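Okay, here's what each chain looks like letter by letter:
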Amino acid sequence: MEEQQTPMQAAIKPGLTMGLVALAVTYIAYFIDAGLLASGWFALIALVIFFALIIYFGKEYRTELGGFMSFGTAFNFSFISILISGIVSLVGQILLFQVIDPSLPQVLADITFENSIKMMESLGQNPDSLPPDTLDEIRNSTASSFTIGGQVKNFGFALIGYAVIALILAAILKKRDKSLDY
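If you're wondering where the values come from, they're calculated on a predicted model, not measured in any experiment. (Residues numbered from 1 in each chain as written. Predicted model: local features only at pLDDT ≥ 70, side-chain atom pairs only at ≥ 80, totals over all residues. Heavy atoms only, no water.)

1. Topic: the packing of helix 2 (residues 40-64) against helix 6 (residues 148-173)
Logical step 1: At a minimum axis distance of 10 Å, the contact between helix 2 and helix 6 shows a crossing angle of 45 degrees. By the angle between their axes, helix 2 is oblique relative to helix 6. In this structure, helix 2 meets helix 6 at a crossing whose hand is right-handed. Between helix 2, through F50, F51, I54, I55, G58, K59 and R62, and helix 6, the contact on the second element is made entirely by I165, L169, I172 and L173.
Logical step 2: Residue classes in the contact of helix 2 with helix 6 are distributed as eight nonpolar, one polar and two charged. (Axes fitted to C-alpha atoms, helices over the stretch in contact; angles between N-to-C directions. Helix = DSSP H or I, 4+ residues; strand = E, 2+ residues; numbered from the N terminus. Parallel < 35°, antiparallel > 145°, perpendicular 65-115°, else oblique. Left-handed = near helix turned anticlockwise from the far one by under 90°. Contact = heavy atoms within 4.5 Å. Nonpolar A, V, L, I, M, F, W, Y, C, P; charged D, E, K, R; others polar.)

2. Considerations on the environment of S103
Logical step 1: Structurally, the position occupied by S103 is in the loop between helix 3 (71-100) and helix 4 (104-122).
Logical step 2: The partly exposed category is assigned to S103, whose relative accessible area is 44%.
Logical step 3: Along the sequence, S103 and I168 sit 65 residues apart, while their C-alpha atoms lie 37 Å from each other. (Buried < 20%, exposed > 50% of the residue type's maximum accessible area, 1.4 Å probe, protein only.)

3. Focus: the layout of surface pockets
Logical step 1: When its volume is computed, the largest pocket comes out at roughly 1,000 Å³.
Logical step 2: Surrounding the largest pocket, 31 residues form its lining, T26, F42, A46, S89 and Q93 being those nearest its centre.
Logical step 3: Secondary structure elements with two or more residues in the lining of the largest pocket: helix 1 (7-32), helix 2, helix 3 and helix 6.
Logical step 4: Within the lining of the largest pocket, the residues separate by chemical class into 22 nonpolar, nine polar and no charged.
Logical step 5: Of the pockets and cavities examined, the second largest pocket occupies roughly 160 Å³.
Logical step 6: Forming the boundary of the second largest pocket are Q5, A10, K13, P14, T17, F57, E60, Y61, E64 and F77.
Logical step 7: Contributing elements (two or more residues each) for the lining of the second largest pocket: helix 1 and helix 2.
Logical step 8: Of the residues belonging to the lining of the second largest pocket, the class tally is five nonpolar, two polar and three charged. (1 Å grid on protein atoms, 1.4 Å probe; cavity = no way out; pocket = protein on both sides within 12 Å on 5 of 7 lines; lining within 4 Å. Points joined across faces, edges and corners; volume = space filled by probe spheres on them.)

4. Quick notes on the packing of aromatic side chains
Logical step 1: Evaluated as defined, the whole model comprises seven aromatic pairs.
Logical step 2: Measuring from ring centre to ring centre gives 5.4 Å for Y56 and F57, while their planes differ by 65 degrees; the resulting arrangement is edge-to-face.
Logical step 3: Of the residues examined, F57 reaches a relative accessible area of 13% and is grouped as buried.
Logical step 4: Looking at R139, its charged tip hangs above the ring of F113, at a distance of 4.0 Å from the centre. (Phe/Tyr/Trp six-rings, centres within 6.5 Å; stacked < 30°, edge-to-face > 60°. Lys NZ or Arg CZ within 6 Å of the ring centre and 35° of its normal.)

5. With respect to a nonpolar patch on the surface
Logical step 1: Residues I87, V91, L95, V99 and I100 make up a contiguous nonpolar surface patch of roughly 440 Å² in combined accessible area.
Logical step 2: Mapped onto the secondary structure, V91 falls in helix 3.
Logical step 3: Given the relative accessible area of 48%, V91 is considered partly exposed. (Patch = residues over 30% accessible without salt bridge, like charges linked within 9 Å, V, L, I, M, F, W, Y side chains within 5 Å. Areas by Shrake-Rupley, 256 points an atom, 1.4 Å probe, with all protein chains shown as cover. Salt bridge = Lys/Arg side-chain N within 4 Å of Asp/Glu carboxyl O.)

6. What to know about the nonpolar core
Logical step 1: Residues Y61, M69, F77 and I82 are the most contacted members of the largest nonpolar core, which totals 23 residues.
Logical step 2: Within the residue set of this core, elements represented by two or more residues are helix 1, helix 2, helix 3 and helix 6.
Logical step 3: Residues L23, Y30, F97 and L108 belong to the second largest nonpolar core, which totals 14 residues. (Core = buried A, V, L, I, M, F, W, Y, C linked by side-chain atoms within 4.5 Å.)

Structural data, given as structure tokens:
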């Protein structure tokens, strides 16, 4: 009889797979048009792919467990998979931004800053009415998010988002064995 994997063991392969898929999508977008990396549409498409993959892998693991999985097991599996995927993505993005194309962070920072200005204008805010120091602060904080330190810091904040996503996924993936109810 084959021994069942713990959520930690079961999450390694899906996490690596999701991380490599995320990197492939990021690098493909970069080679097509680097500006896509600052696009809301790109982020939305990546999120849909991500959710589809984690639900697929979660259902596979649930099947491996006999068709049932507790909320806690589903959460652990989801969170660890997402965490591993995030680490793989972080390493790949640091390579992209710091080694492959060191000019890319400034390009993306400029696009993101321009998008922020357009968003302000669409909400009725006149960016020219803001003090120049405020605009400089927005520009600098946008640029700093693409540095190694900024990426690591953003990953730290993303851990909270990963936990929330894992909670949602656990609610989707859990399935209790009703035959055990009295």
